[in-house]
Number of protein chains: 2
Amino acid sequence: MKKIINDPAAVVAEALRGMAAAHQDLLTVRTDPALVTRADAPVAGRVALVSGGGSGHEPLHGGFVGPGMLHAACPGPVFTSPTPDQVQAAIEAVHGGAGVLLVVKNYTGDVLNFETAAELAAAEGIEVRTVLVDDDVAVKDSLYTAGRRGVGGTLLVEKIAGAAAERGADLDTCEELARRVVANTRSLGMALTACTVPHVGEPSFTLAEDEMEIGIGIHGEPGRQRLPLEPADGIVRRLVDAVTEDLPFAEGDRVLLLTNSMGGTPLLELYLAHGVAEGLLAERGVTVERRLVGPYVTSLEMQGMSLTLLRLDDELIDLWDAPVRTAALRWGC
Amino acid sequence: MKKIINDPAAVVAEALRGMAAAHQDLLTVRTDPALVTRADAPVAGRVALVSGGGSGHEPLHGGFVGPGMLHAACPGPVFTSPTPDQVQAAIEAVHGGAGVLLVVKNYTGDVLNFETAAELAAAEGIEVRTVLVDDDVAVKDSLYTAGRRGVGGTLLVEKIAGAAAERGADLDTCEELARRVVANTRSLGMALTACTVPHVGEPSFTLAEDEMEIGIGIHGEPGRQRLPLEPADGIVRRLVDAVTEDLPFAEGDRVLLLTNSMGGTPLLELYLAHGVAEGLLAERGVTVERRLVGPYVTSLEMQGMSLTLLRLDDELIDLWDAPVRTAALRWGC
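Per an unreviewed UniProt entry, chain A goes by Dihydroxyacetone kinase subunit DhaK and derives from Allokutzneria oryzae.

Here it is, written out as structure tokens:
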């Protein structure tokens, strides 16, 4: 295992220490329990957005904490859910009196632990709502999931509901917006290589030198198909076809396209893939109105990519464009 | 070779097409010759900053084109200098009547080709100055260099001189600032794995599963030492020691610390390394006033990292903090 780490058991805590140093103007980081919050939290009178999940998907979620997006993130151990206590501590740290919206990727452990935390917080009189993100069209049920998995679409939910909360929208409105984004978002990923969880020490699966996996999960869960490696045109066509046919995205739809690296794929390849995706969507008469290209929802050093499409309306565009100031997404301020 | 590409000879052109689509509000991209310019170039009455070099180091340089940073970037083939004609075309496309500053990483091919372009532009009456960046303390001469190589410090030169140009500083001032940044910047990188140039098709070198290379170049050039893999604390200490002892950075110095991924290293590891570096600098009495953590000057999918230190003064801090709007660096607007 080749990694820049010390004790595999201390990776997340040590990374949080570095994150705290790197973004001390923006974030407050606690390690017991692990918690990343806005430096100015709680924000009185505003709905607070809380998310989290296993570490190893950086910048998700801590990199999306800040004005206009999340109020808190709970980083679990690598690829492992945060505990209910941890989520409860996050809720308590950031609730500003207008309720809390939990954005939860649909994995069994996350769903259970966020649910327990929501009950604990409700018992303290904090109004909590939960929105599950399940945008991955790859598989119905999987290793860690009942139903579809939550992947790249998560950041779109966090950005758009976060922008509404920042503007003072109430809990009902933030929840409705988050559900609207989930309902209109679909993703699919693929991998060229596996990744290695530090405390495991060996790759979570193996792909031969001439193989790729379509529909891979962000924890290396099995996908739809293991296939011979193809040129970028073929890979991207498989992703665009599956994603557009699922919703379906139809001629005349306006979309946001997220071309996401799984971590180890260079930006040069990612831009290339993005160009192919834009061309294929244009052929289908789908108009790309907004785009984001980069490593945003990753799987450690895995080489591969995912495509996420969100069907837009004017309100979603306006909220996407609203100012955001986080470690990983920043514009307008 | 596992990559998301089509024809290895067309990678850069196809990636530029995707980049153009991804950032159409910000950039104008031409492919013959390959050129990335600000959408609003030329900016009349402002010094224009032009850089470039081999592709494969993204987001350097095209990701740093935009208000407050570069006016144009010339992307060569992967790890190969842009041609004099290409650089000349960039100069002509963006000069706004107040002179052009070329920011050139110190590699033999780049130096020659930018120099030729500068002469061609001067013959047309455009005033051109050149600043060489040679911040890598690893080796004196190397495979592609007479003198030290230009690495992570390049983006600091581009940001700070670019901010001055944006504010209307004249060519003398922009050149002086760029030289001041170069004079006060030192870097060192290390690699856990090699990378593969698409048109070569195999890794540029090999490292055993228990080996690392200290002082690696961003094209995979040999470094100072091939050593047994160490924990992060040891790796980062080697980088901090070599960088601080070179200038030297002394107790009481205020610095900007760039903790840079070579591309394939996950953000989780990079934050961990950043935290270690901040701790070691604090021990030395060096004050980290500004920091940047991420994949900024990369080497395709290479796993590894580099540290760059810039000794700051109030003027450099002010220019670093100035608004910037590019694909890869954005704040204040």
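S.K.: Before we go on, may I ask you to explain helix 2 (residues 84-94) of chain A in this structure?
M.R.: Residues spaced three or four apart along an α-helix face the same direction, because each turn holds 3.6 residues. Of all eleven residues in helix 2 of chain A, nine are buried, a share of seventy percent or more. Listing the buried residues of helix 2 of chain A in full gives A:Pro84, A:Gln86, A:Val87, A:Gln88, A:Ala89, A:Ala90, A:Ile91, A:Ala93 and A:Val94.

S.K.: Explanation requested: the nonpolar core in the structure shown.
M.R.: Inside soluble globular proteins, nonpolar side chains tend to come together where they are buried. In this structure, A:Met190, A:Val236, A:Met305, B:Leu101, B:Leu155, B:Trp320 and B:Leu329 are the most contacted members of the largest nonpolar core, which totals 106 residues. Per-element tally for this core: the top contributor is helix 7 (residues 267-283) of chain A, with ten residues. In contact with B:Leu101, other than residues within four places in its own chain, are B:Val47, B:Ala48, B:Leu49, B:Val50, B:Arg129, B:Val131, B:Ala161, B:Leu171, B:Cys174, B:Glu175 and B:Ala178. Grouped together as the second largest cluster of nonpolar side chains are 105 residues, A:Leu27, A:Ala178, A:Leu310 and B:Leu239 included.

S.K.: Can you walk me through the packing of helix 5 (residues 171-183) of chain B against helix 8 (residues 314-321) of chain B in this structure?
M.R.: Residues and elements named next belong to chain B. Closest axis-to-axis distance for the helix 5/helix 8 pair is 12 Å, and the angle between their directions is 105 degrees. In terms of orientation, helix 5 and helix 8 fall into the roughly perpendicular class. Contacts between helix 5 and helix 8 involve Leu-177, Arg-180 and Val-181 on the former and, on the latter, Glu-315, Leu-316 and Leu-319. Residues of the contact of helix 5 with helix 8, tallied by class, amount to four nonpolar, no polar and two charged.

S.K.: How should I be thinking about the relation of the copies chain A and chain B in this particular structure?
M.R.: Relating one copy of the chain to the other takes a rotation about an axis and a shift parallel to that axis. For these two chains of identical sequence, chain A goes onto chain B by a turn of 180 degrees and a shift of 0.0 Å along the axis, with RMSD 0.0 Å. Taken together, the rotation and translation describe the operation of a two-fold axis. No C-alpha of chain A approaches the rotation axis more nearly than that of A:Gly264, which lies at 2.2 Å. The share of interface residues of chain A whose copies in chain B are also at the interface is 100%, consistent with both copies meeting through the same surface.

S.K.: Please clarify how the interface of chain A and chain B should be interpreted in this entry.
M.R.: When the parts of a complex come together, some accessible area is lost, and that lost area is often used as the size of the interface. Taken together, the contacts link 57 residues of chain A with 57 residues of chain B. Contact with chain B buries surface across chain A, with A:Lys2, A:Ile4 and A:Leu268 losing the most and accounting together for 21% of the total. Linking chain A with chain B are two salt bridges. Between A:Lys3 and B:Glu269 there is a salt bridge, with its nearest N and O atoms 3.6 Å apart.

S.K.: What should I look at first to understand unusual backbone geometry in this one?
M.R.: Across residues other than glycine, the phi torsion is negative in most instances, and most of the peptide bonds are trans. Cis geometry is found at the peptide bond from B:Glu58 to B:Pro59, where omega equals 15 degrees. Looking at the secondary structure, you find B:Pro59 in the loop between strand 3 (48-55) and strand 4 (72-78). With phi around 50 degrees, A:Leu300 is a residue other than glycine that occupies positive phi space. Its location among the elements puts A:Leu300 in the loop between strand 11 (287-294) and strand 12 (304-311). The buried category is assigned to A:Leu300, whose relative accessible area is 2%.

S.K.: Could you clarify how one ought to interpret the pairing of strand 11 of chain A in this entry?
M.R.: Both faces of the sheet carry side chains from a regular strand, because those side chains alternate between them. Residue and element names in this part refer to chain A. Relative to strand 11, strand 10 (residues 254-261) is paired through seven bridges, and the arrangement is parallel. Considered in strand 11, the bridge of Leu-258 is made with Leu-292. One crossover worth recording links strand 10 to the parallel strand 11 by way of helix 7, and it is right-handed.

About the cut-offs
- Residues numbered from 1 in each chain as written.
- Chains lettered and ligands numbered in written order.
- Predicted model: local features only at pLDDT ≥ 70, side-chain atom pairs only at ≥ 80, totals over all residues.
- Heavy atoms only, no water.
- Buried < 20%, exposed > 50% of the residue type's maximum accessible area, 1.4 Å probe, protein only.
- Helix = DSSP H or I, 4+ residues; strand = E, 2+ residues; numbered from the N terminus.
- Core = buried A, V, L, I, M, F, W, Y, C linked by side-chain atoms within 4.5 Å.
- Contact = heavy atoms within 4.5 Å.
- Axes fitted to C-alpha atoms, helices over the stretch in contact; angles between N-to-C directions.
- Parallel < 35°, antiparallel > 145°, perpendicular 65-115°, else oblique.
- Nonpolar A, V, L, I, M, F, W, Y, C, P; charged D, E, K, R; others polar.
- Least-squares fit on C-alpha atoms with pLDDT ≥ 70 in both.
- Buried area = accessible area lost by both parts, 1.4 Å probe.
- Salt bridge = Lys/Arg side-chain N within 4 Å of Asp/Glu carboxyl O.
- Pairing = 2+ DSSP bridges.
- Right-handed = clockwise from strand over helix to strand, strands pointing away.

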